[in-house]
Structures are given as C-alpha cells and as structure tokens.
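Each chain is listed here by its residues.
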Amino acid sequence: MRFEIMRLDDIDGAAVDSTVVDAASVNRIVQQAASVGQRLYIRPADAATR
C-alpha cells in the first residue's frame, strides 16, 4: 500500500509539499518529522498519485 504524506505549514496548516511513499517508509518519515516538530497529514494514495 502507498501513502501520500503532506508537510503542513506551521502557521495556517496548509500543505507545503507532498510525497507518495510505500508503507515501509511511513514510520521513518513520521519519526523524522516528530524529532523536529514538523506537522504531517497522511492519507492512502489513490490510483492517480501512483
């Protein structure tokens, strides 16, 4: 399964950028974001983003 991960702006919560990754990469990305206090939005990637 693949997921879209969007990095959110600290001020207004708008998506700044996004990437599509496999399930095995999600934990690593979340850990990195947590270590620097970065906000993420994660959702399953649809067929159009693959």
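Treat the numbers as computed from the prediction; the structure is a model and nothing was measured.

Draft legend 1. Focus on the side chain of Glu 4. Secondary-structure assignment places Glu 4 in strand E1 (residues 2-8). For Glu 4, a relative accessible area of 10% corresponds to the buried category. There is a polar contact of 3.5 Å between the side chain of Glu 4 and the side chain of Ser 18. What Glu 4 contacts, discounting residues up to four positions off in sequence, is Ser 18, Thr 19, Val 20, Tyr 41, Ile 42, Arg 43, Pro 44 and Ala 45.

Draft legend 2. Quick peek at helix H1 (residues 23-36). If you check which residues of H1 are buried, you get Ser 25, Val 26, Ile 29 and Ala 33. Buried residues of H1, viewed axially, fall in a sector of 110°; they line one side. In H1, the exposed positions angled more than 90 degrees off the buried face are occupied by Ala 24, Asn 27, Ala 34 and Ser 35. Looking at the buried positions of H1, the neighbouring elements they touch are E1, strand E2 (15-22) and strand E3 (39-44).

Draft legend 3. Seen up close, the nonpolar core. Core analysis: the largest hydrophobic core is formed by 5 residues, namely Phe 3, Ile 5, Val 21, Val 26 and Ile 29. Only E1 and H1 provide two or more residues apiece to this core.

Draft legend 4. Structural view of the sheet that holds E2. The 3 strands lie next to each other as E2-E1-E3, forming an open sheet whose pairing is antiparallel. The open sheet is flanked by E2 and E3, the only strands paired with a single partner. Strand-to-strand twist in this sheet, taken as the mean axis angle between neighbours without regard to direction, amounts to 25°. Where E1 lies against E2, 7 bridges are found, and the strand directions are antiparallel. Bridge pairing links Leu 8 to Ala 15 in E2.

Calculation criteria
- Residues numbered from 1 in each chain as written.
- Predicted model: local features only at pLDDT ≥ 70, side-chain atom pairs only at ≥ 80, totals over all residues.
- Heavy atoms only, no water.
- Helix = DSSP H or I, 4+ residues; strand = E, 2+ residues; numbered from the N terminus.
- Buried < 20%, exposed > 50% of the residue type's maximum accessible area, 1.4 Å probe, protein only.
- Polar contact = N/O pair within 3.5 Å; in protein donor to acceptor, adjacent residues only side chain to side chain.
- Contact = heavy atoms within 4.5 Å.
- Arc of directions from axis to C-beta.
- Core = buried A, V, L, I, M, F, W, Y, C linked by side-chain atoms within 4.5 Å.
- Pairing = 2+ DSSP bridges.
- Axes fitted to C-alpha atoms, helices over the stretch in contact; angles between N-to-C directions.

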